[in-house]
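# Coordinates in review
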Amino acid sequence: TKERRQKKSSEELINMADKLSSLRKGGNEKQKVIVHVRLRPYMTDERAKDKAPGIDVYDPSKNVVSVKKDFERKTFHFDSLMEPEIQQKEVYERVGAPVIESVMKGFNGTVFAYGQTGTGKTHTMVGNTISRTARGIIPRSM
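Glancing now at the sheet that holds strand β4 (residues 72–77). One open sheet holds the 3 strands; their spatial order is β2-β3-β4, and the pairing between them is antiparallel. Both edges of this open sheet fall to β2 (55–59) and β4, since each of them pairs with a single strand only. Averaged over all neighbouring strand pairs, the angle between strand axes comes to 15 degrees, with direction disregarded.

The next thing to look at is a nonpolar patch on the surface. Residues I100, V103 and M104 make up a contiguous nonpolar surface patch of roughly 280 Å² in combined accessible area. Mapped onto the fold, V103 is located in helix α3 (residues 88–104). By relative accessible area, V103 is classed as partly exposed at 36%.

Okay, the environment of M142 next. Among the structural elements, M142 can be located in the segment after α5 (137–141). In the structure, M142 is positioned 42 residues away from I100 in sequence and 9.7 Å away in space, judged by C-alpha atoms.

Maximal helix bending in α3 amounts to about 40 degrees, located at G96; proline P98 follows within four positions. Close packing links the buried residues of α3 with β1 (36–38), β5 (80–82), α4 (121–125) and α5. A positive phi of about 100 degrees marks G106, the residue just after α3.

It is worth spelling out unusual backbone geometry at this point. Of note, the phi angle at N63 is positive, near 60 degrees, even though the residue is not glycine. The exposure class of N63 is buried, given its relative accessible area of 18%.

This next bit is on the confidence of the model for the protein. When pLDDT is averaged across the protein, the result is 78; 72% of the residues are at 70 or more. The least confident element of the protein is helix α1 (residues 2–25), whose mean pLDDT is 55; the most confident is α3, at 92. Here residues 22–29 is a poorly scored stretch, pLDDT under 50, and it has 4 contacts once near neighbours within four places are set aside; other chains count.

Okay, the pairing of β4 next. Where strand β3 (residues 64–69) meets β4, 6 bridges bridge the pair, whose relative direction is antiparallel. Its bridge partner being in β4, V64 is matched across the sheet by H77.

Rules and cut-offs
- Residues numbered from 1 in each chain as written.
- Predicted model: local features only at pLDDT ≥ 70, side-chain atom pairs only at ≥ 80, totals over all residues.
- Heavy atoms only, no water.
- Pairing = 2+ DSSP bridges.
- Helix = DSSP H or I, 4+ residues; strand = E, 2+ residues; numbered from the N terminus.
- Axes fitted to C-alpha atoms, helices over the stretch in contact; angles between N-to-C directions.
- Patch = residues over 30% accessible without salt bridge, like charges linked within 9 Å, V, L, I, M, F, W, Y side chains within 5 Å.
- Areas by Shrake-Rupley, 256 points an atom, 1.4 Å probe, with all protein chains shown as cover.
- Salt bridge = Lys/Arg side-chain N within 4 Å of Asp/Glu carboxyl O.
- Buried < 20%, exposed > 50% of the residue type's maximum accessible area, 1.4 Å probe, protein only.
- Bend = angle between axes of the 7 residues up to and from the residue.
- Contact = heavy atoms within 4.5 Å.
- pLDDT = per-residue confidence, 0-100.

Written out as C-alpha cells, the structure reads:
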C-alpha cells in the first residue's frame with residue numbers, strides 16, 4: 001500500500017542519514033563552519049490553500065531534511081535542525097551563545113542568516129525587540 005511504501009522510504013532515509021552521520025563524525029572535529037537550519041511554521045494562507053509541504057521528511061534527532069518535488073527527492077544533512085515550534089531562547093542557546101563564547105576567547109565568529117524572502121531570517125536574527133521572550137539572536141547577544 002501507499003502508506004507502507006512511504007514508511008519504507010522514510011526508514012531508508014533515516015538509515016542513509018545514520019550512515020552519512022557516522023562518516024561525518026570520522027572527519028575533522030574542528031569544524032570551521034557549522035550549519036543550523038530552522039524550519040518555520042506554515043503561514044495562515046499556506047494552510048488555507050492546503051498547499052502540499054515542500055519538506056517530505058524531517059528528523060531533528062538525525063539533523064536530516066528530505067525535500068520532495070514532483071517525483072524527485074533530495075536529502076540534506078545539517079549540523080543542527082530546529083523544529084518550527086522552537087523558542088527564540090533555544091535558538092540563541094544553540095546558535096548565538098557558542099559564537100559569542102568563541103569571540104570572547106579571541107576567535108572570529110559570524111552568524112549568517114540565508115534564505116528566501118519570508119522564511120524567517122529577520123525573525124531569527126532580530127525577532128521582536130520589545131518582548132523579552134521573542135528577542136532574536138542579535139538583541140540577546142548584546
